[in-house]
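Here is what each chain is made of, one letter per residue.
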Amino acid sequence: MIKTIDLNSDLGESFGQWRMGNDEEILGIVSSANVACGFHAGDPVGILRTLKSAQRNNVAIGAHVSYPDLVGFGRRKMDIANHELTADVIYQIGALQGLAAAAGTKVSYVKPHGALYNTIANDEYQAIAVIEGILAIDPNLVLVGLAGSNILKLAQESGLSTIAEAFADRAYTLQGELVSRRETGSVLHDADLVAQRMLRLVTEGGVESIDGKFTPIQADSICVHGDTPGAVAMAKQVKTVLQQAGITIQPFIHS
């Protein structure tokens, strides 16, 4: 049986004259794009440009919803009322759906960003608020979340389809959680090492933890960041190594 895996990346994050990442190159590598919705990054012109490029490259589109935190790039946890968070999620998905329609494509899934992503992995209250927002606007949308996290279980119990995600350039604890960015070694920069780790993830179902022990991680999608130094080269290397091993890169969403 041929193994398949999805490669996704966070895109559409440029804002006005400020440029973030290289969307054009990354869209030639990945199979799914998590596109900013304006709350942590992105402006309408740039988002539309990214969506049009994704459509040309047959890349699936996801709404990269966030806390309302442009200044902090969505990386600051917020104590926000549940009904406000639900409305924020609906608002962001709706905005991206409109731009996607204009670009000749559609939004197929939702992947929360930054602090929101990390918070709802285990915070049941905010997790439910996000889930309710997705269900309110389109229950057919798929929720992408951290592999092994409680949010995936809650979403499934609510009737949403889910996809478990792993991160190519992040270190993992022995418990299968991401090592905090505050700790040394939390972000990996060696493209060859990262590619081999992802090959092991797909073929063996896990990676080596920061403690040097094998950690089981079951994931259907791998995030390759597009906004870090050497990101394009790393994404290319991951894709090349996987394909050379006979692994097919394709979106988990099929039009």
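Everything below is about the structure printed above this text.
Worth saying up front: this structure is predicted, and the values here are computed from it rather than measured.

A. Summary view of unusual backbone geometry. In the Ramachandran plot, Asn58 falls in the positive-phi region, its phi being about 55 degrees despite a non-glycine side chain. Its location among the elements puts Asn58 in the loop between helix H2 (44-56) and strand E3 (60-64). Its identity as a non-glycine residue notwithstanding, Phe73 has a phi of 55 degrees, on the positive side. Secondary-structure assignment places Phe73 in the loop between E3 and helix H3 (82-102).

B. Quick peek at the side chain of Glu13. Residue position: Glu13 is located in the loop between strand E1 (4-11) and helix H1 (23-27). Apart from the residues within four sequence positions on either side, Glu13 is in contact with Trp18, Met20, Ala36, His40, Ala41, Gly42, His64, Phe73, His113 and Asp227.

C. How the structure looks around the pairing of E3. Among the five residues in E3, five count as buried, and that is most of the element. The alternating pattern of E3 places Ala60, Gly62 and His64 on one face and Ile61 and Ala63 on the opposite face, and all of these are buried. Tracing the backbone out of strand E2 (residues 32-36), into H2 and back to the parallel element E3 gives a crossover that is right-handed. In terms of strand pairing, E3 meets strand E4 (residues 107-110) through three bridges, oriented parallel. Within E4, the position partnered with Gly62 by the bridge is Tyr109. Following the backbone out of E3, through H3 and into the adjacent parallel E4, one traces a crossover that is right-handed.

D. Focus on the pairing of strand E6 (residues 162-167). Most of E6 sits out of view: six of its six residues are buried. Of the two faces of E6, both are covered, the one formed by Thr162, Ala164 and Ala166 as well as the one formed by Ile163, Glu165 and Phe167. Taken together, the four bridges between strand E5 (residues 142-146) and E6 define a ladder with parallel strand orientation. Bridge pairing in E6 links Val144 to Ile163. Judged from the three bridges that link them, E6 and strand E9 (residues 221-223) form a sheet pairing that is parallel. Residue pairing across strands places Glu165 opposite Ser221, the latter belonging to E9.

E. Geometry of helix H6 (residues 150-157). Where H6 is concerned, the buried positions are Ile151, Leu152, Leu154 and Ala155. Seen along its axis, H6 keeps its buried residues to an arc of 165 degrees; they face one direction. The inward-facing, buried residues of H6 contact helix H4 (114-120), helix H5 (124-137), E5 and E6. Looking one or two residues beyond H6, the residue adopting positive phi is Gly159, at roughly 100 degrees.

F. Structural context of the pattern of salt bridges. Inspection of the entire model under this criterion finds seven salt bridges. Here Arg56 makes a salt bridge to Glu24, at a shortest N to O gap of 3.7 Å. With a gap of 32 residues between them, Arg56 in helix H2 and Glu24 in helix H1 connect regions that are remote in the sequence. For Arg56, a relative accessible area of 54% corresponds to the exposed category. As a salt-bridge pair, Arg76 and Asp69 come within 2.5 Å of each other at their nearest N and O atoms. What makes Asp69 buried here is its relative accessible area of 2%. A single salt-bridge network, built from bridges that share partners, covers Asp10, Lys111 and Glu165.

G. Examining the packing of H2 against H3 more closely. The N-to-C vectors of H2 and H3 enclose an angle of 55 degrees; their axes lie 9 Å apart at closest approach. As judged from the angle between their axes, H2 and H3 are oblique. As H2 runs across H3, the sense of the crossing is right-handed. Across the interface between the two elements, Pro44, Ile47, Leu48 and Leu51 from H2 touch Leu96, Leu99, Ala100 and Ala102 from H3. Residues belonging to the contact of H2 with H3 are distributed by class as follows: eight nonpolar, no polar and no charged.

Rules of the game
Every chain's residues receive numbers from 1 upward, in the order its sequence appears when written. Local features in a predicted model are, by the rule used here, given only for residues with pLDDT of at least 70; side-chain atom pairs are given and counted only at 80 or more, and totals for whole chains, interfaces and linings are based on all residues. Water and hydrogen atoms play no part in the side-chain values, which are based on all heavy atoms of the structure. Only runs of H or I of at least four residues qualify as helices and only runs of E of at least two qualify as strands under DSSP, and these elements are numbered from the N terminus. Any pair of residues with heavy atoms lying within 4.5 Å of one another is described as a contacting pair. Buried means the residue's accessible area, taken with a 1.4 Å probe over protein chains only, is under 20% of the maximum for its type, while exposed means over 50%, and partly exposed covers the values in between. Crossover handedness is defined here as right-handed if the route from the first strand over the helix to the second strand goes clockwise, with the strands pointing away from the viewer. What makes two strands pair is DSSP finding at least two bridges between them. Picture the helix axis, draw a direction to every C-beta atom, and the arc is the one those directions span. Salt bridge, as used here, is a side-chain nitrogen of Lys or Arg placed within 4 Å of a carboxyl oxygen of Asp or Glu. Where helices are involved, their axes are fitted lines through C-alpha atoms of the stretch in contact, as for all axes, and angles between N-to-C directions lie from 0 to 180°. Angle categories: roughly parallel below 35 degrees, roughly antiparallel above 145, roughly perpendicular from 65 to 115, and oblique for all the rest. With the far helix as reference, a near helix turned anticlockwise by less than a right angle produces a left-handed crossing, and one turned clockwise produces a right-handed crossing. All residues other than Ala, Val, Leu, Ile, Met, Phe, Trp, Tyr, Cys, Pro, Asp, Glu, Lys and Arg, Gly among them, are scored as polar; the first ten of these are nonpolar and the last four charged.

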